Amino acid sequence: MSKKLHYLNVNGIAESIRYILHYGGQRFEDIRYELSEWPIKSVKDSLPYGQLPLYQEGNRTLNQSLAIARYVASQLKLLPTDPWEQAVLDAIVFNIYDFWSKIVTFIKETDTTRKEAIKREIINESVDFFFSRFEKELKANKGFFNGKLSWADFILVGIVESANLFLGTEIEKQYPTVNALVQTVRALPGVKEYLATRKPYTL
Ligand SMILES: N[C@@H](CCC(=O)N[C@@H](CS)C(=O)NCC(=O)O)C(=O)O
C-alpha cells in the first residue's frame, strides 16, 4: 500500500514521523513543500483542515501530527500495550507539545521587539521548566520515557531539533539525559542513514 507524508521542507512537527517511518524501514513518499512557496492554494485547499502534516495510506488520510506519529509507531511496537502506560506516554507527548506551543507563538509573532521578548522568555524560563522535567522522567526510566524506546522519545527528539532550528539553540546540551536520547535516536538504524543524506534545514 502506498504511503505518503506531506509536510513543509523543515523539521517542524513532522520530523519525528519521518524518523519513525525510517526506523521502521517503511517505504514512503516524503512530499515536501518549500516554506517560501507556502501557502500553495491548491494543496492547502485539498487538506482536510488546511494544515500539514497529512499522512496518506492507500486512499485513507490522517491529519494531526500526534495522531500520525502514534499510528505509525503502533505498527512498529513503539507503543506500550498497557492502557495506563499508553496514557502516561500520551500525557508526556502533550507536555512536549505544550512546550512546542511556546515556539509556535514565537514563530507567529511578526513584531520584532515582541518576538525577541518571547524568545528571551522561552530561553530563560520555558526551556528549563519543561526540560528539567523531561530530564527527570528520562533519568527515572533508563533514559527513555517508558523504560525502552517508544514513540514519545521520537516526539521529544523531533521537537528539540525543531526548537533548535527556530531559536538557534542547542537545548539538549544542558540536559545530559535528553542529550543522550537525542544521540540514541539519531543513531538508530534507518534514522542514521536518513540523516546521512538529509540536507540541513534553513529558514
Ligand atoms: N495541531 C496540528 C497543527 C498543524 C499545524 O500547525 N501545521 C502548520 C505547520 S507546523 C501548517 O500547516 N502551517 C501552514 C498553514 O497553516 O497554512 C498538528 O499537530 O498537526
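Keep in mind that what you see is a predicted model, and the values were worked out from it rather than measured.

So what's going on with the UniProt feature "domain: GST C-terminal" (unreviewed entry) in the chain? Which residues, and what values?
Per the UniProt record, the feature "domain: GST C-terminal" (unreviewed entry) sits at residues 82–203. Each end of residues 82–203 is marked by a C-alpha atom, and these two atoms are 40 Å apart; helix forms 73% of the span and strand 0%.

Lay out the nonpolar core in plain terms, naming residues and giving numbers.
Ranked by size, the top nonpolar core spans 65 residues in total, and within it F99, F131, W151 and L156 carry the most contacts. Ranked by residues supplied to this core, first place goes to helix α6 (residues 151–167) with 11 residues. In terms of domain composition, this core takes at least three residues from each of domain 1 (3–77 + 189–197) and domain 2 (83–186). Contact partners of F131, with chain neighbours within four places excluded, come to F99, L156, V160, I171, Y175 and V178.

Tell me about helix α5 (residues 112–139), and please be specific about residues and values.
End to end, α5 covers 38 Å across 28 residues, agreeing with the expected 40 Å (1.5 Å per residue, within 8%). By the largest-angle criterion, I122 marks the main kink of α5, which is about 40°. Buried positions along α5 lie against α4 (83–108), α6 and α7 (176–186).

Explain the site of the ligand residue by residue, including any values.
Around the ligand, the neighbouring residues are Y7, L8, I13, W38, K44, G50, Q51, L52, P53, Q64, S65 and Y97. Between the ligand and L52, the relevant distance is 2.7 Å, taken from a nitrogen atom to a main-chain nitrogen or oxygen of the residue. When isolated, the ligand has an accessible area of 510 Å², and the protein chains bury 72% of it. When its residues are assigned to classes, the shell around the ligand shows seven nonpolar, four polar and one charged.

For the packing of helix α3 (residues 65–74) against α4, give the residues involved together with the corresponding values.
Orientation of α3 relative to α4, taken along the N-to-C sense of each, is 140°, at an axis distance of 12 Å. Here α4 runs oblique to α3, going by the angle between their axes. For the pair α3 and α4, the crossing hand works out as right-handed. Facing S65, L66 and R70 of α3, the residues of α4 in contact are Q86, D90, V93, F94 and Y97. Grouping the amino acids of the contact of α3 with α4 by side-chain chemistry returns four nonpolar, two polar and two charged.

Let's hear about the pairing of strand β4 (residues 60–63): which residues, and what values?
The pairing of strand β3 (residues 54–57) with β4 spans four bridges and is antiparallel. Paired with Q56 across the bridge in β4 is T61. Where β3 folds back onto β4 in an antiparallel hairpin, the turn is made up of two residues, including G58, whose phi is positive at roughly 60°.

Please give an account of the pattern of salt bridges that cites residues and values.
A complete count under the given rule lists 11 salt bridges for this structure. Residues E15 and R18 are paired through a salt bridge, measuring 2.7 Å at the closest nitrogen-oxygen approach. You can see E15 and its partner R18 sitting in helix α1 (residues 15–23), three residues apart, about one turn around the helix. Both residues of the pair, E15 and R18, count as buried. Between K41 and D45 there is a salt bridge whose closest N-O contact spans 2.5 Å.

About the cut-offs
Residues numbered from 1 in each chain as written. Predicted model: local features only at pLDDT ≥ 70, side-chain atom pairs only at ≥ 80, totals over all residues. Heavy atoms only, no water. UniProt positions renumbered as here; feature names shortened; annotations may be inferred. Helix = DSSP H or I, 4+ residues; strand = E, 2+ residues; numbered from the N terminus. Core = buried A, V, L, I, M, F, W, Y, C linked by side-chain atoms within 4.5 Å. Buried < 20%, exposed > 50% of the residue type's maximum accessible area, 1.4 Å probe, protein only. Domains from an automatic or database assignment. Contact = heavy atoms within 4.5 Å. Expected span 1.5 Å × (residues − 1). Bend = angle between axes of the 7 residues up to and from the residue. Near = heavy atom within 4 Å. Polar contact = N/O pair within 3.5 Å; in protein donor to acceptor, adjacent residues only side chain to side chain. Areas by Shrake-Rupley, 256 points an atom, 1.4 Å probe, with all protein chains shown as cover. Nonpolar A, V, L, I, M, F, W, Y, C, P; charged D, E, K, R; others polar. Axes fitted to C-alpha atoms, helices over the stretch in contact; angles between N-to-C directions. Parallel < 35°, antiparallel > 145°, perpendicular 65-115°, else oblique. Left-handed = near helix turned anticlockwise from the far one by under 90°. Pairing = 2+ DSSP bridges. Salt bridge = Lys/Arg side-chain N within 4 Å of Asp/Glu carboxyl O.

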